[in-house]
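Geometric and topological summary
This is what each chain is made of:
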Amino acid sequence: MRFAITMFSLLGIASIIGTVLKQNEPYNDYIIKFGQFWFNIFEKLGLYNVYQAFWFLLILIFLIISTSLCISRNSPKILKDYKSFQDRIREKSLLAFKHSYQFKFEKFSTKKIISFLNLNNYKVKHKVIDGGDLIIAKKGDLQKLGYIFTHLSIVIISIGGLLDGNLVFKIQELTGVKQIQLEDQPLSEIPKSGKMSENNLSYRASILLSEGDTKTAAILRAKEGYLVQEIPFSITLKDFKIEHYSTGQPKSFKSNLLVTDKETGKSINKTISVNKPLTYKGVTIYQAAFEDGGSKLDLLVWNLNSSQPAVQMNSEIFKNNELTFERQKLTFEFNDFRNFNILDVIQNDEQKLKLKPTNVGPNFLYKVRNESGQAKEYQTFQLPIIVDDKYFFMSGMRNSPQEEFKYLKIPADHNLSIEGFMILKSLLNDPTKVKYAIDNGIKQSAFKNIEQKKAFELGTRNVINAFIKGGYDFVIRDMDLNIPQEASIIDKEKAIKTYINIIFLISQELINTYKENNKEKIIFPENDSPRFIQDALTAYSDSFFYGIPLYLELKDFKHVQASGLQLTKSPGKPWVYLGSILLVLGIFCMIYIQEIRLWIFKKKGSKNLIVSLATNRDRLDFDKEALKVRDQIKRITN
């Protein structure tokens, strides 16, 4: 008993861990979450796949053996007692019961007493002892079977757990027959040791299908790699449909599947959705998720620190593009595209500012990897997003998955496009236009002498050049080099404001000149031009912290959906269901059913009747039950 309780306690602790800690996730996710130190400890303990860990399966085996021995030892005695009426009992023993009553009777009718007991759901047996009558009755004897049901349920549930625990694969892995694959490679190149046969007893694998694609095998995630799980049929995704709420939040998604048997060639067409799976040849196909299936992207690549025009780039999700930038070959790895993105955006609702979940439109994720293999990850939204009552194009960058995205905010122009910012950054990087703007600004200023004019012109050029090369940080750095150390903080602050004002005025002059030469276009905001210029200059300055200063503008896309399917073969599930039913029955029998035994003895030649009752649980309500039975029998016999 102590051993079984210990095993139960360990199983309980393991089940809590398996519930709290998400199972079978990629190892990189666990490393990010716990760090390398705790990741190694948890990995050695098998906590990332608790229900298939060796120690968990061993506990189940010991529990099966221990409980089975207990059942085999005690069940014969329980069943014998269940069938027995305990008719070999003496008068002295009956009188010794706690609930034993003796009273005189006038007329003893065996038939009436047995009829009364039958009406009260008693099983009755009549026996003649030494010329006297002994009536033995019992009810609630199913309570004894509760012990067998509960113990048998433990064995059955544990067997179900073993069947789903894939113990065979664990042995194959230990002996080297099966090896977890670590590198991505075509299905045809994966060795036999990296494939699980169709006869694999149990598994939980996944398939990602784009519309129109057909697959004949699934991916079985294992530790830091994967195995290929062969399945006895092929799956074709004919159509994928997703419905959204008004906010853009997914409402439901369905997959129209064509499943074709490999042996017979017969096909079935079935639409599955969440909680409405398809079971075929012992494998249940669940609608688990949806992802991008290789959307086609039409992009423009802008150099944020140059006057060069944008370069067109066409790509697909899960495809790579190469581009040479500043004599270095860069690889663009496109990882994901989302047509809907729900963010909490501040909106004016009945003259009150509130955070509301809002669909902000498509975005795409990609990495830019240099020749040495180092990569920076980017997340860029196609449409402008409201921030502080103004629209900005948002593009986040991070150096590693452990970091949060740091966003570059590019202000939208009059047409809610990115064109205004790109024009301004091109003007800033055009020396001829910058010189013209400076000269034009000097003409409008008054100077006492030529030396003062030349000094102002030189200072302006230095400030603008510093800003163009490195943003506000470069301007402040140059300022620190040129201002005497004895200058006060107030003087430095005044100088900073002066430099920022100069940059602003030159930028304003650049925009005004552009407007005069392009009167047919309305690009820059008319009512709030100063704020647009300030935001654009801030974005230009921040672009020097954007990693690689290449901004990818999403012009158009063709969205390709992909359905994430989960394929489950679980032979232990019906056994677990059966065991659970037996467990409920067993607990019900032991707790809610009360066993009562009744003996009525009339000695030959005596006018006294003995009525004795016994129960397995002597509770207060049984005292009332015993008195009630006594009184009813007294009425029958008198």
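**Topic: the overall build of the chain**
Scanning the chain from terminus to terminus reveals 14 helices and 26 strands. For 638 residues, the compact-globule estimate of 2.2 N^0.38 gives 26 Å, and the C-alpha radius of gyration of the chain, at 41 Å, exceeds that figure by more than 25%. C-alpha atoms of the chain, sized along the principal axes, occupy 150 × 60 × 50 Å. Taking all 638 residues of the chain together, 43% fall into the buried category. Carbon and sulfur atoms provide 54% of the accessible area of the chain, an area that totals close to 36,000 Å².

**Observations regarding the nonpolar core**
Counting 61 residues, the largest nonpolar core has Phe332, Phe334, Phe364, Tyr366 and Tyr551 as its most contacted members. Not counting residues within four places of it along the chain, the set of residues in contact with Phe332 comprises Met313, Lys319, Asn320, Asn321, Leu323, Tyr366, Lys367, Val368, Leu550 and Leu552.

**A few points about unusual backbone geometry**
Even without glycine at this site, Glu326 takes up a positive phi of about 50°. Inspection of the secondary structure assignment puts Glu326 in the loop between strand 14 (320-325) and strand 15 (328-338). You can call Glu326 exposed: its relative accessible area is 66%. At Asp389, a residue that is not glycine, the phi angle is positive and equals roughly 65°. By the secondary structure assignment, Asp389 is in the loop between strand 20 (385-387) and strand 21 (390-398).

**A word on the sheet that holds strand 26 (residues 608-615)**
Reading across from one edge, 1-26-25-3-2 is the order of the 5 strands in this open sheet, with antiparallel pairing throughout. Of all strands in the sheet, those bounded by a partner on one side alone are strand 1 (99-104) and strand 2 (123-129). Averaged over all neighbouring strand pairs, the angle between strand axes comes to 15°, with direction disregarded. One ladder, built from 6 bridges, connects strand 1 with strand 26; its direction is antiparallel. Bridge assignment links Tyr101 to a residue of strand 26, and that residue is Val611. With respect to the sheet, helix 14 (residues 620-637) is in contact with strand 1, strand 3 (132-139), strand 25 (596-602) and strand 26, its orientation differing from that of strand 1 by roughly 20°.

**Observations concerning the pattern of salt bridges**
All told, the structure shown has 25 salt bridges when counted by the stated rule. Across the salt bridge formed by Glu316 and Lys296, the nearest N and O atoms sit 4.0 Å from each other. Of this pair, Glu316 sits in strand 13 (residues 311-316) while Lys296 sits in strand 12 (residues 296-303), placing them 20 residues apart in sequence. The class for Glu316 is partly exposed, based on a relative accessible area of 24%. Look at Lys296 and you get partly exposed, because its relative accessible area is 38%. Here Arg398 ties to Glu377 by a salt bridge, and the two come within 3.0 Å at their closest N and O atoms. Placement of the pair is Arg398 in strand 21 and Glu377 in strand 19 (residues 375-381), with a sequence separation of 21 residues. Both residues of the pair, Arg398 and Glu377, belong to the buried class.

What counts, and where the lines are drawn
- Position numbers for residues start from 1 in each chain and track the written sequence from start to end.
- The predicted nature of this model means local features are confined to residues of pLDDT at least 70 and side-chain atom pairs, given and counted, to a pLDDT of 80 or more, with totals for whole chains, interfaces and linings taken over all residues.
- Calculated side-chain values reflect all of the structure's heavy atoms, with hydrogen atoms and water omitted.
- Only runs of H or I of at least four residues qualify as helices and only runs of E of at least two qualify as strands under DSSP, and these elements are numbered from the N terminus.
- The reference for a compact globule is 2.2 Å times residues^0.38; the radius of gyration itself is calculated from the C-alpha atoms.
- Under the scheme applied here, a residue whose accessible area is under 20% of the maximum for its type counts as buried, over 50% as exposed, and between as partly exposed, the area being computed with a 1.4 Å probe on protein chains only.
- The method behind every accessible area is Shrake-Rupley, applied with a 1.4 Å probe, and residues are considered shielded solely by the protein chains displayed.
- We define the nonpolar core as a collection of buried residues of types Ala, Val, Leu, Ile, Met, Phe, Trp, Tyr and Cys that are connected through side-chain atoms lying within 4.5 Å of one another.
- The contact rule is simple, with two residues in contact once any of their heavy atoms fall within 4.5 Å.
- Two strands qualify as a pair provided that DSSP identifies no fewer than 2 bridges between them.
- Axis definition: a line fitted to C-alpha atoms, limited for helices to the stretch in contact. Angles are taken between N-to-C directions and run from 0 to 180 degrees.
- A pairing counts as a salt bridge when a side-chain nitrogen of Lys or Arg comes within 4 Å of a carboxyl oxygen of Asp or Glu.

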